[in-house]
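One-letter residues, chain by chain:
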Number of protein chains: 2
Amino acid sequence: MSGFEFESLEKTLENHIPEDELTQVKRILFGNSTKKLELPACAVSAASERDFELQGHMFQCASEQLRPPRRIRVGLIQNRIVLPTDAPILDQISAIQSRIAEIVEVAAMCDVNIVCFQETWTMPFAFCTREKELWSEFAESAEEGNTTRFCQELAKKYNMVLVSPILERDGLYSTLWNTAVVISNSGKVLGKTRKNHIPRVGDFNESTYYMEGNTGHKVFQTQFGKISVNICFGRHHPLNWFMYSMNGAEIIFNPSATVGELSEPMWSIEARNAAIANHCYTCAINRVGTEHFKNEFTSGDGKKAHHDLGYFYGSSYVAAPDGSRSPGLSRTRDGLLVVELDLNLNRQISDKWSFKMTGRYAEYAEELAKAVREDFKPNIAKE
Amino acid sequence: MSGFEFESLEKTLENHIPEDELTQVKRILFGNSTKKLELPACAVSAASERDFELQGHMFQCASEQLRPPRRIRVGLIQNRIVLPTDAPILDQISAIQSRIAEIVEVAAMCDVNIVCFQETWTMPFAFCTREKELWSEFAESAEEGNTTRFCQELAKKYNMVLVSPILERDGLYSTLWNTAVVISNSGKVLGKTRKNHIPRVGDFNESTYYMEGNTGHKVFQTQFGKISVNICFGRHHPLNWFMYSMNGAEIIFNPSATVGELSEPMWSIEARNAAIANHCYTCAINRVGTEHFKNEFTSGDGKKAHHDLGYFYGSSYVAAPDGSRSPGLSRTRDGLLVVELDLNLNRQISDKWSFKMTGRYAEYAEELAKAVREDFKPNIAKE
């Protein structure tokens, strides 16, 4: 069985491991068990007709005396591109928009409050090609582009916050950026936030197209909680997650595009570690499938020129601050993951574990300030 | 099956999952496969006679043209206490020393270069009791204590670096600390490093006994590589791992004492995330078994007074910078985990993934300096 065909870790465990041992395996691998979230029949049948996976889960959280629960529902969408990468650009964008619209409609049936799409969701992840002209045409204004208008309509229609990661063309200097636009449930653009860390690894030639973001670690106050967006490669940088959390993020979305050969064993580790370390929820989203490009390209690995970046393995999931995580979507299908969570859990876990209280951040600020100086002398004891 | 009896995740997966799917499960859960390390027959039979588990694994690493391999072997030791916790103190210490001596002898047969014991290895993890008098007597001088002399003998005898985490009594003010002493293979004390983050969670009443360490993020230059020691609770703090790495650590040991109910789902996440994010090896070590105390104590959870802290679940493992990890020792038995690793992998992975190069540390130093000020205004966008 190749990695390509393997549907999901969770399915394999459930298919083969006897019940009593499975309980221990799941406890160790996934933490406090999530409950199945009952979703409306109309949503289940719509997902089936539209050929995408629909899963619903709910994290556990204790009730408090002084605060009412702050239960909300997030929706994570993973999908393939719809048309071939050499179809006319507007056709490609329209086809993906239609696909997303039919999934978002189901999210609305499931009472999702905040939905997040995958990284640069309107286009193939074409940066492996290093071709500029064609792919740069997919870039749009974050504030006034066609895609943002499309999202504003959905947001208003469904009273839903939308996180829309796009390739941005910034007006003033016509610069490209990898950007997430956050649309309020009122339909207004709440703001945008840019990818802080840009990969130079394998075929991820993104630094050819755009630079490190200049929007810092912004948090968006929505009606359903304070959210941030750590785009893709930023999930490998613990300081990035940390600084969103220091600015008050209660949920950090991680829209991504990453392939099996490169990163799959890290996928279940990094967003989850961030949820634990920062007393918040994290949502990791990856696209699905293999995208073929007309012109061949090489990968700097001595191998022959080829036409694809590899297999995007989906597996989108949500991690909670108590160390637990939801089951993941499959590695193979378009999907919508609906997760109900109580934001009160963040403070409960902070009160229990106190990683922020015991964090000694003032001392780290001093140490880090020294460590980045050119004359930094590492603290090394020798015999 | 209770958590207490469950032997190990790895065993259960291997017992039940068919070969073709198991390959995918292991790839996703554990990354690049480790190879079995052939250990000498005398070591295998000694471990069997002495009733402890012995495992040997080897991480993969490419060869380079300009640098010879830097292959070394680390040994991780997990164990139960030997005598009841109300036996005379010196008897308890001697019994544990004898047990450790017979395990270290096997480590020497396996050509281990650096061995690390579990947190406060000479004593029960008695801080749950909040009793001061008895347990404070286990504290010793880091430089001149009986335990350090014992380790110096072993280090010289076997030409081995020893990491010896103890309860330290510091001479000048007779203060207690949670400290790791690093002994060079020459037998000299290379130095000591103290636990930077002290838990206030569950029965881990350690802040009753000792304060946050004042030794910073020291790195020890040994003949077998540059090592650091991140003691127990510090594994929940990504900045702690990070700062050891910024000072040049190639291997970071994490001697711990932690129980199933509290932390087990986090155990496989945190040290591994640190290895990935910091381009280094990490070694997570936990003690085994349940320790009973004569006097009952309560846990601040509304439950009845009781006599133990819970079940220490072992599961010690080594994580590599490429996202892979070794199989863990069992949850139930004393054990020695021997892992051969090539320190060259750290730079190879740094050259491939470039998390340090793309880390933007100067900007984080500035942001963190602002975030710790009393007048810090979080960056929050509102409608």
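Preceding block: the structure.
Residues numbered from 1 in each chain as written. Chains lettered and ligands numbered in written order. Predicted model: local features only at pLDDT ≥ 70, side-chain atom pairs only at ≥ 80, totals over all residues. Heavy atoms only, no water.

### Some thoughts on the relation of the copies chain A and chain B
Part 1 of the reasoning: Note on the copies: chain A fits chain B at an RMSD of 0.0 Å, the axial shift is 0.0 Å, and the rotation between them is 180°. In the structure described here, the two chain copies are related by an operation that fits a two-fold rotation axis. (Least-squares fit on C-alpha atoms with pLDDT ≥ 70 in both.)

### Overview of the packing of helix H7 (residues 238-246) of chain A against helix H8 (residues 260-278) of chain A
Residues and elements named next belong to chain A.
Part 1 of the reasoning: Their axes nearest at 10 Å, the elements H7 and H8 cross at an angle of 40°. Between H7 and H8, the angle is such that the two are oblique. Relative to H8, H7 is oriented so that their crossing is right-handed. Every residue of H8 that contacts H7 at Trp241, Phe242 and Ser245 is listed here: Glu270, Ala271, Ala274 and Asn278.
Part 2 of the reasoning: Of the residues belonging to the contact of H7 with H8, the class tally is four nonpolar, two polar and one charged. (Axes fitted to C-alpha atoms, helices over the stretch in contact; angles between N-to-C directions. Helix = DSSP H or I, 4+ residues; strand = E, 2+ residues; numbered from the N terminus. Parallel < 35°, antiparallel > 145°, perpendicular 65-115°, else oblique. Left-handed = near helix turned anticlockwise from the far one by under 90°. Contact = heavy atoms within 4.5 Å. Nonpolar A, V, L, I, M, F, W, Y, C, P; charged D, E, K, R; others polar.)

### Examining the pattern of salt bridges
Residues and elements named next belong to chain A.
Part 1 of the reasoning: The tally for this structure, following the rule as stated, stands at 56 salt bridges over all chains.
Part 2 of the reasoning: Arg99 is the partner of Asp334 in a salt bridge, and the nearest nitrogen-oxygen pair spans 2.9 Å. Taken together, the residues span a long stretch of sequence, with Asp334 in the loop between strand E14 (317-319) and strand E15 (335-342) and Arg99 in helix H4 (residues 89-109) at a distance of 235 residues. Of the two residues, Asp334 and Arg99, both sit in the buried class.
Part 3 of the reasoning: Among the charged side chains, a salt-bridge network with shared partners connects Glu143, Glu168, Asp170, Lys192 and Arg194. (Salt bridge = Lys/Arg side-chain N within 4 Å of Asp/Glu carboxyl O. Buried < 20%, exposed > 50% of the residue type's maximum accessible area, 1.4 Å probe, protein only.)

### Things to note about unusual backbone geometry
Part 1 of the reasoning: With phi around 40°, Cys232 of chain B is a residue other than glycine that occupies positive phi space.
Part 2 of the reasoning: Locating Cys232 of chain B in the fold gives a position in the loop between strand E9 (225-229) and helix H7 (238-246).

### Details of the sheet that holds strand E5 (residues 161-170) of chain B
All names here are of chain B.
Part 1 of the reasoning: Read from one edge to the other, the open sheet built from eight strands follows the order E1-E2-E15-E3-E4-E5-E6-E7, with strand pairing classed as mixed. The open sheet has two edge strands, strand E1 (35-36) and strand E7 (189-194), and neither has a second partner.
Part 2 of the reasoning: Sheet analysis places E1 next to strand E2 (residues 53-58), joined by two bridges and oriented antiparallel. Of the residues in E2, the one forming a bridge with Lys36 is His57. (Pairing = 2+ DSSP bridges.)

### Section: the packing of helix H1 (residues 9-16) of chain A against helix H2 (residues 19-30) of chain B
Part 1 of the reasoning: Two elements in contact, H1 of chain A and H2 of chain B, have axes whose closest approach is 10 Å; the angle formed by their N-to-C orientations is 130°. Our classification of the angle between H1 of chain A and H2 of chain B gives oblique. Read as a crossing pair, H1 of chain A and H2 of chain B show a hand that is left-handed. The segment H1 of chain A lies against H2 of chain B, with Leu9, Thr12 and His16 of chain A engaging Glu21, Val25 and Leu29 of chain B.
Part 2 of the reasoning: Partitioning the contact of H1 of chain A with H2 of chain B into residue classes produces three nonpolar, two polar and one charged.

### Looking at the nonpolar core
Part 1 of the reasoning: Ranked by internal contacts, the top residues of the largest apolar core, which has 124 residues, are Val74 and Ile251 of chain A together with Val74 and Ile251 of chain B.
Part 2 of the reasoning: If sequence neighbours within four positions are ignored, Val74 of chain A has contacts with Val112, Ile114, Ile251, Phe253, Cys283, Val318, Leu337, Val338, Val339 and Leu341 of chain A. (Core = buried A, V, L, I, M, F, W, Y, C linked by side-chain atoms within 4.5 Å.)

### Considering the packing of aromatic side chains
Each pair of aromatic rings is reported with the distance of its centres and the angle of its planes.
Residue and element names in this part refer to chain A.
Part 1 of the reasoning: Enumeration according to the criterion identifies 34 aromatic pairs over all chains in this entry.
Part 2 of the reasoning: Centroid distance Trp267 to Tyr317: 6.2 Å. Interplanar angle 85°. Geometry classified as edge-to-face. Highlighted residues: Trp267 in helix H8 and Tyr317 in strand E14, separated in sequence by 50 residues.
Part 3 of the reasoning: A relative accessible area of 0% means that Tyr317 is categorised as buried.
Part 4 of the reasoning: Taken together through their ring pairs, the aromatic side chains of Phe125, Phe127, Phe204, Tyr209, Tyr210 and Phe312 make up a single cluster. (Phe/Tyr/Trp six-rings, centres within 6.5 Å; stacked < 30°, edge-to-face > 60°.)

### Some words on the side chain of Ser330 of chain B
Part 1 of the reasoning: Relative to the elements of secondary structure, Ser330 of chain B occurs in the loop between strand E14 (317-319) and strand E15 (335-342).
Part 2 of the reasoning: Contact partners of Ser330 of chain B, with chain neighbours within four places excluded, come to Glu7, Ser8, Glu53, Gln78, Tyr313, Gly314 and Ser315 of chain B.

### Re the interface of chain A and chain B
Part 1 of the reasoning: With 85 residues of chain A in contact, the opposing surface of chain B contributes 85 residues.
Part 2 of the reasoning: Taken together, the two surfaces of chain A and chain B that pack against each other cover about 8000 Å², and 66% of this comes from carbon and sulfur.
Part 3 of the reasoning: Area buried by chain A at its contact with chain B is led by Trp353, Tyr364 and Glu383 of chain A, which between them contribute 9% of it.
Part 4 of the reasoning: Applying the counting criterion to the chain A and chain B interface returns four salt bridges.
Part 5 of the reasoning: For Glu264 of chain A, the salt bridge identified is with Arg27 of chain B, shortest N-O distance 3.1 Å.
Part 6 of the reasoning: Linking chain A with chain B are 36 residue pairs in polar contact (both at pLDDT 80 or more), by the criterion used here. (Buried area = accessible area lost by both parts, 1.4 Å probe. Polar contact = N/O pair within 3.5 Å; in protein donor to acceptor, adjacent residues only side chain to side chain.)

### What about the sheet that holds strand E8 (residues 219-222) of chain B?
Part 1 of the reasoning: The strand order E16(A)-E8(B)-E9(B)-E10(B)-E11(B)-E14(B) describes an open sheet built from six strands, whose pairing is mixed. Each edge of the open sheet is held by one strand with a lone partner, namely strand E16 (380-381) of chain A together with E14 of chain B.
Part 2 of the reasoning: Relative to strand E11 (residues 281-285) of chain B, strand E10 (residues 251-255) of chain B is paired through five bridges, and the arrangement is parallel. Residue Ile251 of chain B lies in a different strand from E11 of chain B, and its bridge partner there is Tyr281 of chain B.

### What to know about helix H3 (residues 41-49) of chain B
Residues and elements named next belong to chain B.
Part 1 of the reasoning: Taken together, the buried positions of H3 are Ala43, Ala46 and Ala47. For H3, the arc enclosing every buried residue in end-on projection is 100°, short of the 170-degree limit, so these residues lie on one face. Looking at H3, the residues exposed on the side facing more than 90 degrees away from the buried face are Ala41, Ser48 and Glu49.
Part 2 of the reasoning: For H3, the secondary structure elements touched by its buried residues are E2 and helix H4 (89-109).
Part 3 of the reasoning: Note on H3: the residue one or two positions beyond its end, Asp51, has a positive phi of about 60°. (Arc of directions from axis to C-beta.)

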